[in-house]
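# Structural characterization, general
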2 protein chains.
Amino acid sequence: MARGSTTRPTSRDVAQAAGVSQAAVSLVLGDKWRGRVAEATAERVREAARELGYRPNLAARNLRLGRTRTVLLVVPALTTEFFAGVYTGAARVAAEHGFGVVLYPSPEGIGPARDPFASAQAALDGVIASSMAADALSAIRGEALPLVMLDSDPEGSLGAATVNLDIADGVRQVAEHLLGLGHRRFLHLAADVPSWTFEVRARELATRVAAVPGTSVVTARSPISIEDAVAATVRALSETGPRPTALVCDDDKLAAGAYKAVRRLGLRIPDDVSVTGLDDLALATAIDPELTTVRLDAELFGERGMRALLAVLEGREPEGGDIPVRLVVRGSTAPPR
Amino acid sequence: MARGSTTRPTSRDVAQAAGVSQAAVSLVLGDKWRGRVAEATAERVREAARELGYRPNLAARNLRLGRTRTVLLVVPALTTEFFAGVYTGAARVAAEHGFGVVLYPSPEGIGPARDPFASAQAALDGVIASSMAADALSAIRGEALPLVMLDSDPEGSLGAATVNLDIADGVRQVAEHLLGLGHRRFLHLAADVPSWTFEVRARELATRVAAVPGTSVVTARSPISIEDAVAATVRALSETGPRPTALVCDDDKLAAGAYKAVRRLGLRIPDDVSVTGLDDLALATAIDPELTTVRLDAELFGERGMRALLAVLEGREPEGGDIPVRLVVRGSTAPPR
DNA sequence: GCCCCTAGGTTTTACGTATAACGTCGGAGC
DNA sequence: GCTCCGACGTTATACGTAAAACCTAGGGGC
């Protein structure tokens, strides 16, 4: 109040207002004053800080402490709510520990530099990176910051901690569900994205289906967009030979495209062909019939990622174990006719 | 390379490697060396910096310069791709100007503090805030930082710059389209969110429809979620009296709910009832029939928001004018029977 | 009466950067 | 031969904070 200046008050201003030294202010506000400052003095300092609307200058604090309590979350775009959920979960846990999370959506990149560390205008304590953000990974590795990988091959991560969804189990549930319904001929609509998590889907589906005699799996590839998925599905379903009765999609968006393709060919879901997705986005219950899909808990994923990074930063061992996923059966799957 | 230490190299290390003073390094790397350092020396410095993998310590730079080149983007959650798009656009423009963007998704908040400025672990140069993030706004105002409001009442923004989508024009286009098709009885499925942008929708729709004799508008309110929208729509359509033939929804998610409600009542789209949305999310083309909706360019919105903030920061006048939007006619609208 | 300890602080320093203020040296101008 | 100036740097300083090192008075132990 007393200072008519426009600049923000510093700890020194608070000190002056409270009649103590700057060091005392730092001790009190940093909660390190027990046995070093009298309770009455501490209260005077807190009062002065409140009065002046004091907020510590984070740049100065970061410089002093040599850490920033800021981590980078590298994701492949934010075009579905999945990574938005990952961010939300990570940011929540981060906030609980006094950390901030800054985003870097990788494939399209941000800005001309395409450098995660330049575009995040912040000094970083660590990084959480999705393995789908492939083009940013080498830069990340080069920086030698504490790193947690999401959905990444545990073998290939070279020491970096990994946090994974149990995608293989999800695909297993899908396969068992469809095989149980009596399906034998599968079309796998695969995401055309180079990432471990999609390799797992393909491998697991092939394995589970192959375990049953008289089955087949055809694979079609498509970028993750509704339009591309329509085209790829139409192409695959138009091929000669016995038509697949079950369409297993690598993600819900692909499934939405498959819906349109199936309709365009004059077929009905689930009567003529069953369709499954993976993600359980809002999309899944918006389309008709509602999509049988695997629910991924994106927020939990983000939370676990952040917890793992905190563990690494504190020198603890990150919690192990994949995150369970769950098949949600809805109207898009039925026994083949 | 010479230093076996684990800490990151500083400008002083670079200086030593290049055989110059720290100041020279700063000049060269800061691109302020013309006429002060010989070209050969500058090159030696750049070479040394490259060799050591030097990156300036941003905390130190921020402290020195008293600004952080970081802005806060306050949005209401990230549950649709709309605000993800806003972020992407803002971040792109920011990066082009050497700025970073940190997110604060407001309603659910992050962390216990619910304080945008505490949870963004960063000193900020400015703020871009959506008017939908109501509960964070008072804190933002209190901080007296350069501020740009998105989708906010130009009258009520008290001097803060505003960047708005021309929502009124979008609603006008919807109304003209439906009136032109011959619709007279409207149901307005309104978002139950206190924000200027939704008031505009209601006002504009009422005005445009009222301009034609023999018309009526009934309003139903729903939170923005598919499930809530289903319930609200079923309730509204079950009321006695002549059934509305056109259903105008405040956003695509509400429209998706309306689809399900309409089907549940045994009606068909667009034969029995036309439906329109607003946003043009991926959802809009995933559902069947594809949704007639108003396309909002979220990325452009974010870009313009960031440009406006940059203008404010540089003391320039922000570019005025609302961002145009465009009706996209698809299969969910047809003349009433 | 002297020592030492504790409570309650203060003084000082360092973090890494950007830049204002200050040299220095060789040649041009006269 | 002196001045002056431009080219090419260097030295010194400040940003705001956290914390180590230091100071001082008063009281208890012996």
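Computed from a predicted model, the values in this text were never measured in an experiment.

Contact residues are listed per partner, giving 50 residues for chain B and 51 residues for chain A. In total, chain B and chain A occlude about 3,700 Å² of area from one another, counting both sides; carbon and sulfur atoms represent 61% of this. The interface formed by chain B and chain A includes 3 salt bridges. Across the pair E290 of chain A and K260 of chain B runs a salt bridge, and its minimum N-O distance is 2.2 Å. There are 6 residue pairs in polar contact (both at pLDDT 80 or more) connecting chain B and chain A. Of all the secondary structure elements, the ones that give two or more residues to the side of chain B that touches chain A are helix 4 (58–65), helix 5 (81–96), strand 2 (100–105), helix 6 (116–119), helix 11 (252–264) and helix 12 (282–286) of chain B. Ranked by residues supplied to the side of chain B that touches chain A, first place goes to helix 5 of chain B with 8 residues. Residue composition of the side of chain B that touches chain A, by class: 24 nonpolar, 12 polar and 14 charged.

In the neighbourhood of DNA strand D, 27 residues make up the surrounding shell, with S11, Y54 and R64 of chain A together with S21 and T41 of chain B lying closest. Within 4 Å of the protein, atoms of DNA strand D come from sugar and phosphate in 57% of cases. Here a phosphate oxygen of DNA strand D sits 2.6 Å away from a polar atom, N or O, in the side chain of S21 of chain B. R36 of chain B places a side-chain nitrogen or oxygen 2.8 Å from a base oxygen of DNA strand D. Elements represented by at least two residues in the surface near DNA strand D include exactly helix 1 (11–18), helix 2 (22–29) and helix 4 (58–65) of chain A together with helix 2 (22–29) and helix 4 of chain B. Here the surface near DNA strand D takes 4 residues from helix 4 of chain A, the largest share from any one element. Split by residue class, the surface near DNA strand D holds 11 nonpolar, 9 polar and 7 charged.

Its domain assignment divides chain A into domain 1 (11–56), domain 2 (68–164 + 300–313) and domain 3 (167–297). A straight line from the C-alpha centre of domain 1 of chain A to that of domain 2 of chain A covers 36 Å.

Surrounding DNA strand C, one finds 25 residues, the nearest of these being S21 and T41 of chain A together with S11, Y54 and R64 of chain B. Here DNA strand C approaches the protein such that, of its atoms within 4 Å, sugar and phosphate make up 56%. Here a phosphate oxygen of DNA strand C and a side-chain polar atom of S21 of chain A are 2.6 Å apart. Between DNA strand C and A60 of chain B there is a distance of 3.4 Å, counted from a base nitrogen to a backbone nitrogen or oxygen. When contributions to the surface near DNA strand C are tallied by element, the ones reaching two or more residues are helix 2 and helix 4 of chain A together with helix 1 (11–18), helix 2 and helix 4 of chain B. When residues of the surface near DNA strand C are assigned to their parent elements, the largest contribution, 4 residues, is made by helix 4 of chain B. For the surface near DNA strand C, the class distribution of residues is 11 nonpolar, 7 polar and 7 charged.

For the pair helix 4 of chain A and helix 4 of chain B, interaxial distance at closest approach is 8 Å and the crossing angle is 140 degrees. Comparing the axis directions of helix 4 of chain A and helix 4 of chain B gives the class oblique. Crossing angle aside, the handedness with which helix 4 of chain A passes helix 4 of chain B is left-handed. Within the contact between the two elements, helix 4 of chain A uses A59, A60, N62 and L63 of chain A and helix 4 of chain B uses A59, A60, N62 and L63 of chain B. Across the contact of helix 4 of chain A with helix 4 of chain B, the residue classes break down as 6 nonpolar, 2 polar and no charged.

Another point: the packing of aromatic side chains. Counted by the stated rule, this structure contains 4 aromatic pairs over all chains. On the basis of an interplanar angle of 85 degrees and a centroid distance of 5.0 Å, the ring pair of F82 of chain B and F83 of chain B is categorised as edge-to-face. Here the two residues F82 of chain B and F83 of chain B agree in accessibility, since each one is buried. Taken together, the ring pairs connect F82, F83 and F301 of chain A into an aromatic cluster.

Right, let's talk about the relation of the copies chain B and chain A for a bit. Taken as rigid bodies, chain B and chain A are interconverted by a rotation of 180 degrees and an axial shift of 0.1 Å, the fit giving an RMSD of 0.1 Å. Taken together, the rotation angle and the small translation identify this as a two-fold axis.

Glancing now at the nonpolar core. Grouped together as the largest cluster of nonpolar side chains are 157 residues, with contacts concentrated most on L247 and M306 of chain A together with L247 and M306 of chain B. Leaving out residues up to four positions away in the same chain, M306 of chain B has contacts with V71, A90, V93, A94, F99, V101 and I128 of chain B.

Turning next to the side chain of D151 of chain A. All names here are of chain A. Turning to its location among the elements, D151 is positioned in the loop between strand 4 (147–150) and strand 5 (161–163). Although buried, D151 forms no salt bridge, and the nearest oppositely charged side chain, R201, lies 5.7 Å from it. When residues no more than four places from it in sequence are discounted, the contact partners of D151 are S131, V163, N164, L165, I167, S195, W196, T197 and F301.

To continue, consider the environment of F301 of chain B. All names here are of chain B. Looking at the secondary structure, you find F301 in helix 13 (residues 298–313). On a C-alpha basis, the gap between F301 and L150 in space is 8.3 Å, while along the polypeptide they are 151 residues apart. Once residues within four sequence positions are removed from consideration, F301 is found in contact with F82, V86, L150, D151, V163, N164, L165 and I323.

For the rest of this paragraph, the subject is the environment of R92 of chain B. Residues and elements named next belong to chain B. Along the chain, the position of R92 falls in helix 5. What makes R92 partly exposed here is its relative accessible area of 27%. Distance in space between the C-alpha atoms of R92 and A220 is 38 Å, their sequence separation being 128 residues.

Right, let's get into the environment of D288 of chain B. Note that D288 of chain B resides in the loop between helix 12 and strand 10 (293–295). Separated by 19 residues in sequence, D288 of chain B and I269 of chain B have C-alpha atoms that sit 8.8 Å apart.

Attention shifts here to the packing of helix 5 of chain B against helix 13 of chain B. Residues and elements named next belong to chain B. Interhelical geometry of helix 5 versus helix 13 gives an angle of 45 degrees and a closest axis separation of 6 Å. In terms of orientation, helix 5 lies oblique with respect to helix 13. Crossing geometry of helix 5 relative to helix 13 is assigned as right-handed. Judged by residue contacts, F82, G85, V86, T88, G89, A90, R92, V93 and A94 of helix 5 engage A298, E299, F301, G302, E303, M306, R307 and L310 from helix 13. Residue composition of the contact of helix 5 with helix 13, by class: 9 nonpolar, 4 polar and 4 charged.

Turning next to the pattern of salt bridges. All chains considered together, the criterion is met by 39 salt bridges over all chains. What emerges from the salt-bridge pattern is a single network uniting E39, E43, R46, E47 and R50 of chain A.

Turning our eyes to something else, we now look at the pairing of strand 1 (residues 70–75) of chain B. All names here are of chain B. Within strand 1, 6 of the 6 residues are buried, leaving the element largely enclosed by the surrounding structure. Every second residue of strand 1 is oriented toward a common face, with T70, L72 and V74 on one face and V71, L73 and V75 on the other, all of them buried. As judged from the 4 bridges shared by strand 1 and strand 3 (residues 126–130), these two strands associate in the parallel manner. In the strand pairing of strand 3, V74 is matched with A129.

Adjacent strands of a sheet pair through backbone hydrogen bonds, lying either parallel or antiparallel. Residues and elements named next belong to chain A. Strands sit in the order 2-1-3-4-5 across an open sheet of 5 strands; the sheet is parallel. Strand pairing shows two members of the sheet lacking a second neighbour, strand 2 (100–105) and strand 5, which therefore form its edges. If you compare each strand with its neighbour and ignore which way they point, the axes differ by 20 degrees on average. Pairing between strand 4 and strand 5: 3 bridges, direction parallel. Bridging from a neighbouring strand, L150 pairs with V163 of strand 5.

Calculation notes
- Residues numbered from 1 in each chain as written.
- Chains lettered and ligands numbered in written order.
- Predicted model: local features only at pLDDT ≥ 70, side-chain atom pairs only at ≥ 80, totals over all residues.
- Heavy atoms only, no water.
- Contact = heavy atoms within 4.5 Å.
- Buried area = accessible area lost by both parts, 1.4 Å probe.
- Salt bridge = Lys/Arg side-chain N within 4 Å of Asp/Glu carboxyl O.
- Polar contact = N/O pair within 3.5 Å; in protein donor to acceptor, adjacent residues only side chain to side chain.
- Helix = DSSP H or I, 4+ residues; strand = E, 2+ residues; numbered from the N terminus.
- Nonpolar A, V, L, I, M, F, W, Y, C, P; charged D, E, K, R; others polar.
- Near = heavy atom within 4 Å.
- Domains from an automatic or database assignment.
- Axes fitted to C-alpha atoms, helices over the stretch in contact; angles between N-to-C directions.
- Parallel < 35°, antiparallel > 145°, perpendicular 65-115°, else oblique.
- Left-handed = near helix turned anticlockwise from the far one by under 90°.
- Phe/Tyr/Trp six-rings, centres within 6.5 Å; stacked < 30°, edge-to-face > 60°.
- Buried < 20%, exposed > 50% of the residue type's maximum accessible area, 1.4 Å probe, protein only.
- Least-squares fit on C-alpha atoms with pLDDT ≥ 70 in both.
- Core = buried A, V, L, I, M, F, W, Y, C linked by side-chain atoms within 4.5 Å.
- Lys, Arg positive; Asp, Glu negative; His and termini not counted.
- Pairing = 2+ DSSP bridges.

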